[in-house]
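So you can see what is in the structure, the chains are spelled out below.
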Amino acid sequence: MKNLKLEAALIMVGLILLGIFIRQGLNTFAAKDRTVTVKGLAEMEVQADKVIWPLVYKNLGNDLNKLYEDIKQNNQTIIQFLKEQGIDEKEISINAPEIIDMKAERYSGDRDTPYRYNVTSVITVNSNKTELVRKLISEQGELLKRGIAITSGDYRYNVVYEYTSLNKIKPQMIEEATRNAREAAEKFAKDSESRLGKIKQASQGQFSISDRDPNTPYIKNVRVVTTIDYLLEE
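Rules used throughout
Residues numbered from 1 in each chain as written. Predicted model: local features only at pLDDT ≥ 70, side-chain atom pairs only at ≥ 80, totals over all residues. Heavy atoms only, no water. Helix = DSSP H or I, 4+ residues; strand = E, 2+ residues; numbered from the N terminus. Salt bridge = Lys/Arg side-chain N within 4 Å of Asp/Glu carboxyl O. Buried < 20%, exposed > 50% of the residue type's maximum accessible area, 1.4 Å probe, protein only. Contact = heavy atoms within 4.5 Å. Phe/Tyr/Trp six-rings, centres within 6.5 Å; stacked < 30°, edge-to-face > 60°. Lys NZ or Arg CZ within 6 Å of the ring centre and 35° of its normal. pLDDT = per-residue confidence, 0-100.

Novice: How should the environment of threonine 216 be read in this particular structure?
Specialist: Looking at the element boundaries, threonine 216 is found in the loop between β8 (208–211) and β9 (219–233). Sequence spacing of threonine 216 and tyrosine 161 is 55 residues, and the spatial spacing of their C-alpha atoms is 9.8 Å.

Novice: Honestly, the pattern of salt bridges in this entry has me stumped. Any pointers?
Specialist: Oppositely charged side chains can pair when the atoms bearing their charge come close. All told, the structure shown has 20 salt bridges when counted by the stated rule. In this structure, glutamate 162 engages lysine 50 in a salt bridge whose closest nitrogen and oxygen atoms are separated by 3.7 Å. Remark: lysine 50 occurs in strand β2 (residues 50–61) and glutamate 162 occurs in strand β6 (residues 160–162); sequence separation between them is 112 residues. Judged by its relative accessible area of 24%, lysine 50 falls in the partly exposed class. Here glutamate 84 ties to arginine 146 by a salt bridge, and the two come within 3.0 Å at their closest N and O atoms. Taken together, the residues span a long stretch of sequence, with glutamate 84 in helix α2 (residues 64–84) and arginine 146 in the loop between α3 (130–138) and β6 at a distance of 62 residues. When its relative accessible area of 45% is taken as the criterion, glutamate 84 is described as partly exposed.

Novice: Honestly, the environment of arginine 182 in this entry has me stumped. Any pointers?
Specialist: Among the secondary structure elements, arginine 182 is positioned in helix α4 (residues 166–191). Since its relative accessible area comes to 34%, arginine 182 is described here as partly exposed. Expressed as a C-alpha distance, the spacing of arginine 182 and isoleucine 199, which sit 17 residues apart in the sequence, is 9.6 Å. If we ignore the near neighbours within four places in the chain, the residues touching arginine 182 are Leu196 and Tyr230.

Novice: Looking at this structure, I do not really get unusual backbone geometry. What am I missing?
Specialist: Trans is the prevailing form of peptide bonds, just as negative phi is the prevailing case for residues other than glycine. In this structure, glutamate 193 takes a positive phi of about 55° despite not being glycine. Counting through the fold element by element, glutamate 193 comes out in the loop between α4 and β7 (195–203). Residue glutamate 193 is classed as exposed on the basis of its relative accessible area of 72%.

Novice: Can you walk me through the packing of aromatic side chains in this structure?
Specialist: On inspection of all chains with the given rule, the structure shows one aromatic pair. The ring of tyrosine 218 carries the charged tip of arginine 134 above its face, separated from the ring centre by 3.5 Å.

Novice: How should the confidence of the model for the protein chain be read in this particular structure?
Specialist: When pLDDT is low, close inspection of the predicted coordinates is not appropriate. Per-chain confidence: the protein chain averages 85 in pLDDT, with 82% of residues scoring 70 or above. Counting contacts from residues 25–31, a segment whose pLDDT is below 50, to residues more than four positions away or on other chains yields one contact.

Now the structure itself:
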């Protein structure tokens, strides 16, 4: 009889201890699971450090040999102008001319045009001298004095500005985004009467580069969002 009572008492004590351990384990698990996820944003305006500028002009005529000579002379004139203004020859490239035979064009509405050939020529400047190129774009009318009319409006030949020095500003922007995320997490922890713990998980996010606005494509907006999970402590 005594053995049965002793066994029952031991079982009871064991169940009590098991309940305590389970409760402590659940509390510990719950505490470990208490996290807050925050996002930190960093933005920076930068000047484009690369520009691609296509100079487009057209020639009309009936004699291909004569057109070829005119294009050759025009190309030399444009290249000379660019070099005089400070553009290096290695930054200049000449595209093959695009020739349209107006008499052979099936869908052309200009079959009665006095000119058979419509030739589009493109000289491209690819340079990191963005300020200089911007100045030249505004002064390209100077080429009119040399007998060349630069055309615009063709969506295929837009001026393109790029920012290529992202690696230089990445550390600074990640630091700022992380700091902003921590400030948000600390505010949440304070409001929830908790203490902010260590980082459980972090995701840097992707950098994006876009024009600041349509009117100033040479000014870029760089943006990054970091996502961080922080542990919360009692």
